[in-house]
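# Per-entry structural report
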Amino acid sequence: MNGVCGEPATPTFAIALGGGGARGIAHIAMLEAFDELGIKPAAISGASMGAIIGAIYAAGFEAKDIRAHVLATMRNRANVMSRLLKARVGRFADLVLGGLGNPVLLDAELLLDLFWPEGAPERFEDMKIPLQVVATDFFARAETVFSAGPVRSAVAASMAIPGLIRPVEIDGRIYIDGGAVNPLPHDLLFGTADVVVAVDVTFGGNARRRMPSPFDAMFGAGQIMQGAIIAQKLTVRPPDILLRPGVEQFRVLEFFRAAQILRATEEAKDNLKRAIAARLDRRREDQPLAIWTNTAP
């Protein structure tokens, strides 16, 4: 984009935040990089955990305040467990009476009520930054992108991980986790900004080799499939800047390790700040794809 008298204008940035359970807490540090440079993204897209963090940021909360909220929430384990029990819709009796019931199934919208900071806008139209949220239409077996109407139900649909969170019904259609079809929705951002940044937290396997628990196997399989989808998408059209924070050692449900996850993301945060600064340098136009990762392939 060119400014007055042919001088290059300051480039705009958009950021895609991918799914990954607790690993997605790393997105907070990536957003802090923008805040610390005094830059606001022109657009945000998110799937699953990326939709949760992205929606809070798009609502106008600063990343440092999101960090403080998450750390304060996760510091009180007893309170978190109490809240989770309130969000539980499955019954232990289902195991005996129905045979197929899930006693730990959670309601996504109740989870958001319990853990989201107060004051977030209720509709996409009221967001400070344009936001797109990806969910999966279960029966159509297709991607749905929400960018208008109620935010809470859309984010709840995007985070509805099969086996853990109950599917969400919106306008008569049933939705599950957006990560099932588009775990890193950077493709939605082309045309919204000069530079597209994507944060992939599915990259890299866990070094531990012991037998996984049933939950670890289920969620690990999901991460493997999401990683395969992302790899294929990157061959079609990659983002301008791709970040892969070093969070592979954390399991999908290790939310109580939020502080450790954020510490592990500091190097990737610094890399992002350098990559953005390079793009802002008018003497360095047409930068090649920048891929930063703390994990060896």
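Below is a summary of the structure that appears in this document. (Residues numbered from 1 in each chain as written. Predicted model: local features only at pLDDT ≥ 70, side-chain atom pairs only at ≥ 80, totals over all residues. Heavy atoms only, no water.)

### Quick notes on unusual backbone geometry
Condition: Numbering of helices and strands runs from the N terminus, with a helix taken as a DSSP run of H or I at least four residues long and a strand as a DSSP run of E at least two residues long. Only protein chains enter the calculation, and the probe is 1.4 Å; a residue is then buried if its accessible area is under 20% of its type maximum, exposed if over 50%, and partly exposed in between.
Of note, Arg 141 is a non-glycine position whose phi angle comes to about 55 degrees, a positive value. You can see Arg 141 is positioned in the loop between strand S3 (131-137) and strand S4 (142-146). Although it is not a glycine, Asp 171 sits at a positive phi angle of roughly 50 degrees. The residue Asp 171 is located in the loop between strand S5 (168-170) and strand S6 (173-176) in this model. Judged by relative accessible area, which is 78%, Asp 171 ranks as exposed.

### Some points on the pairing of S6
Put simply, the rule reads: The pairing criterion for strands is at least two bridges between them, as found by DSSP.
Where S3 lies against S6, two bridges are found, and the strand directions are antiparallel. Within S6, the position partnered with Asp 137 by the bridge is Tyr 175. As defined by bridge partners, S5 adjoins S6 across three bridges and the pair is classed as antiparallel. Across the sheet, the residue bridging to Val 168 is Tyr 175, located in S6.

### Quick notes on the nonpolar core
Stated formally: Only buried residues count toward a nonpolar core, which is a set of Ala, Val, Leu, Ile, Met, Phe, Trp, Tyr and Cys residues joined through side-chain atoms within 4.5 Å. Contacts between residues were defined by any pair of non-hydrogen atoms, one from each residue, lying within 4.5 Å.
Counting residues in hydrophobic clusters, the biggest one holds 73 residues, and the most contacted among them are Ile 15, Phe 34, Val 155, Val 197 and Leu 272. It is helix H2 (residues 49-58) that provides the largest number of residues to this core, a total of eight residues. Those residues in contact with Val 155 that lie beyond four places of it in its chain are Ala 51, Ile 52, Ala 55, Leu 112, Trp 116 and Val 133. One finds Leu 189, Ala 198, Ile 230 and Leu 234 within the second-largest nonpolar core, a separate group that totals 11 residues.

### Topic: the pattern of salt bridges
Threshold: Put simply, a salt bridge is a Lys or Arg side-chain nitrogen that is within 4 Å of an Asp or Glu carboxyl oxygen.
Overall, the coordinates contain 15 salt bridges when judged by the stated rule. Taking the shortest distance from any N to any O, the salt bridge between Asp 137 and Arg 173 comes out at 2.5 Å. Taken together, the positions of Asp 137 in strand S3 and Arg 173 in strand S6 put the pair 36 residues apart, joining distant regions of the chain. Using a relative accessible area of 5% as the deciding quantity, one classes Asp 137 as buried. Here the residues in one salt-bridge network are Glu 32, Glu 36, Arg 67, Glu 266, Lys 269 and Lys 273, joined through shared partners.

### Structural notes on the pairing of strand S1 (residues 13-17)
On a regular strand, each side chain points to the face opposite its neighbour's, so the side chains alternate between the two faces of the sheet. Worth spelling out the cut-off: A crossover gets the label right-handed when its path from the first strand over the helix to the second runs clockwise, viewed with the strands pointing away from the viewer.
With five of its five residues buried, S1 lies for the most part within the structure. Burial along S1 is two-sided: the residues Phe 13, Ile 15 and Leu 17 and Ala 14 and Ala 16 are all buried. When S1 meets strand S7 (residues 195-199), the two strands line up parallel, connected through five bridges. Bridge pairing links Ile 15 to Val 197 in S7. With four bridges joining them, S1 and strand S2 (residues 43-47) adopt parallel strand pairing. Its bridge partner being in S2, Ala 16 is matched across the sheet by Ser 45. Considered for its hand, the β-α-β crossover made up of S1, helix H1 (residues 26-36) and S2 is right-handed.

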